[in-house]
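One-letter residues, chain by chain:
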Amino acid sequence: MTVTCSNCGKSLKVKDEWAGKMIKCPQCKSTFRVDPGGKSAPSALGKAAVGKPGKPMPKPGAKPEKKGGGLAINWGMIVMLALLALIPIGIALFMLGPMRVKSQWEAKQDQVHNDVTDVAEFAMKALASKEGDWNPNESHGSPTIGEVRLLPNIFSMSLPKTVKFDGYCSTGRFDGEYTLETGEVDMTLKTGGTMLPSGLYSDEEGTIMPGGQRESRPAGMPGKGGKLTPHHITGRSKNGAPSCEIDGKKAEIYYPPKIGDDGEPEKPADDKKPAQGSKKN
């Protein structure tokens, strides 16, 4: 007689004596009971054990197959789309941050450079005149600024409150901070260095070449110029007229009395007083 596999549907010819007995399908390897009338019934394992028609019987211990289709998530595509979305955001932040700050700084840097230069020059002239290293009554030997470097941090989302700077002059080197809102200069001026006519500056801490290249001096190696003496300077420049305090005391340029033909100091007229400051033209 002919029977049909209850699992895969394959027609099989079996002998009549196999009626009511269990046989194994040669195609899908599942077992089923032969019905005496020629039909087949699944084995005692049940339909769930033999699986669906056309599919092999699941292995013992295997997880049951989930019915229905699921949505496949392509994480690579999601990451790529997220990165593409971040590009315009990054450009917008850059335009609103560093580019805007750079523009704001460019509008202020000349004023900052002039204010720092005015205060540094006035402070070193006050020190030099007080210590007798420079006579403001003479037209030569005036202390001069060699270089002022502004060191702003403009790679930020807003203009910084203070700007760092450093530089050197004919009598020493200096560094400090400039407050943008108030125009106040706070610096340390170290006197005792030497600046040659070529623009080379040297002291016990190192050498500064024309153009700003700096080289630190190895420990124990002597440098040109005397030992550096630090002074704390606070100052400001209003319309090109600088004023400052040196180590907490008001700074003034000292004008010594002029020497007359008789070799004696000249006395100032009653209505004239020695100048106590300088104004930059």
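Because the structure is a prediction, the values reported are computed rather than measured. (Residues numbered from 1 in each chain as written. Predicted model: local features only at pLDDT ≥ 70, side-chain atom pairs only at ≥ 80, totals over all residues. Heavy atoms only, no water.)

A. Quick peek at the overall build of the protein chain. What the protein chain contains, in helices and strands, is 3 helices and 16 strands. Going through the 281 residues of the protein chain one by one, you find that 28% of them count as buried. Sequence separation of at least 24 residues holds for 47% of the intrachain contacts in the protein chain that already meet a minimum separation of 6. (Helix = DSSP H or I, 4+ residues; strand = E, 2+ residues; numbered from the N terminus. Buried < 20%, exposed > 50% of the residue type's maximum accessible area, 1.4 Å probe, protein only. Contact = heavy atoms within 4.5 Å.)

B. Structural context of the sheet that holds strand E11 (residues 201-203). Overall, antiparallel pairing links the 4 strands, which are arranged E10-E11-E12-E13 in an open sheet. On the outer flanks of this sheet lie strand E10 (194-195) and strand E13 (214-216), each paired with one strand and no other. Sheet analysis places E11 next to strand E12 (residues 206-208), joined by 3 bridges and oriented antiparallel. Opposite Tyr 201, over in E12, you have Ile 208 as the bridge partner. (Pairing = 2+ DSSP bridges.)

C. Just the pattern of salt bridges, in detail. Scanning the model with the defined rule gives 8 salt bridges in all. Among the salt bridges present, the one from Asp 203 reaches Arg 173, with a minimum N-O distance of 2.8 Å. Taken together, the residues span a long stretch of sequence, with Asp 203 in strand E11 and Arg 173 in strand E8 (residues 172-179) at a distance of 30 residues. You'll find Asp 203 and Arg 173 in the same group, each marked buried. Across the salt bridge formed by Arg 236 and Glu 184, the nearest N and O atoms sit 3.0 Å from each other. Here Arg 236 is found in strand E14 (residues 229-238), whereas its partner Glu 184 is found in the loop between E8 and strand E9 (185-191), with 52 residues between them in sequence. Assessed through its relative accessible area of 15%, Arg 236 is described here as buried. Taken together, the shared-partner salt bridges connect Arg 173, Lys 190, Asp 203 and Glu 205 into one network. (Salt bridge = Lys/Arg side-chain N within 4 Å of Asp/Glu carboxyl O.)

D. The arrangement of the confidence of the model for the protein chain in detail. Averaged over every residue, the pLDDT of the protein chain is 78; residues scoring 70 or more account for 71%. pLDDT under 50 marks residues 43-53. Its contacts with residues more than four places away, or in other chains, come to 21 contacts. The low-confidence segment residues 275-281, where pLDDT is below 50, has 15 contacts with residues more than four positions distant or belonging to other chains. (pLDDT = per-residue confidence, 0-100.)

E. View of the pairing of E8. Examined bridge by bridge, strand E7 (residues 162-169) and E8 share 7 bridges and lie antiparallel to one another. Paired with Asp 166 across the strands is Asp 175, a residue of E8. Hairpin connection between E7 and E8: a loop of 2 residues separates the two successive antiparallel strands. Pairing of E8 with E9 involves 7 bridges; the strand directions are antiparallel. For Phe 174, the partnering residue across the bridge sits in E9 and is Leu 189.

F. Layout of the sheet that holds strand E16 (residues 249-250). If you trace the 7 strands from one edge of the open sheet to the other, you get E6-E7-E8-E9-E14-E15-E16, paired in antiparallel fashion. Pairing within the sheet leaves two strands with one partner each, and these edge strands are strand E6 (145-151) and E16. Sitting on the sheet, helix H3 (residues 98-130) touches E6, E7, E8, E9, E14 and strand E15 (241-246), and the angle it makes with E6 is about 140°. (Axes fitted to C-alpha atoms, helices over the stretch in contact; angles between N-to-C directions.)

G. Structural view of the side chain of Ser 129. As for its position among the elements, Ser 129 is in helix H3. Within polar-contact distance, the side chain of Ser 129 engages the backbone oxygen of Ala 126 at 3.0 Å. When residues no more than four places from it in sequence are discounted, the contact partners of Ser 129 are Trp 134, Pro 136, Glu 252, Ile 253 and Tyr 254. (Polar contact = N/O pair within 3.5 Å; in protein donor to acceptor, adjacent residues only side chain to side chain.)

H. Inspection of the nonpolar core at higher detail. Membership of the largest hydrophobic core comes to 29 residues, with the highest contact counts inside it found for Met 187, Leu 189, Ile 233 and Cys 244. Contributing elements (two or more residues each) for this core: H3, E7, E8, E9 and E15. If you tally residues by element for this core, the top one is H3, at 12 residues. In this view, Ile 233 contacts Val 119, Ala 123, Val 185, Asp 186, Met 187, Leu 189, Cys 244, Glu 245 and Ile 246; residues no more than four positions away in its chain are not counted. Val 3, Cys 5, Leu 12 and Cys 25 belong to the second largest nonpolar core, which has 9 residues in total. (Core = buried A, V, L, I, M, F, W, Y, C linked by side-chain atoms within 4.5 Å.)

I. Spotlight on H3. Between the first and last C-alpha of H3 there are 45 Å, a value that for 33 residues agrees with the 48 Å anticipated at 1.5 Å per step. A bend of about 45° at Lys 108 is the largest found in H3. Trailing H3 by a residue or two, Gly 132 shows a phi angle of about 80°, which is positive. (Expected span 1.5 Å × (residues − 1). Bend = angle between axes of the 7 residues up to and from the residue.)

J. A look at the environment of Asn 239. Tracing the backbone shows Asn 239 in the loop between E14 and E15. Relative accessible area serves as the criterion here: at 77%, Asn 239 is assigned to the exposed category. Distance from Asn 239 to Asp 115, taken between C-alpha atoms, is 9.1 Å for residues 124 residues apart in sequence.

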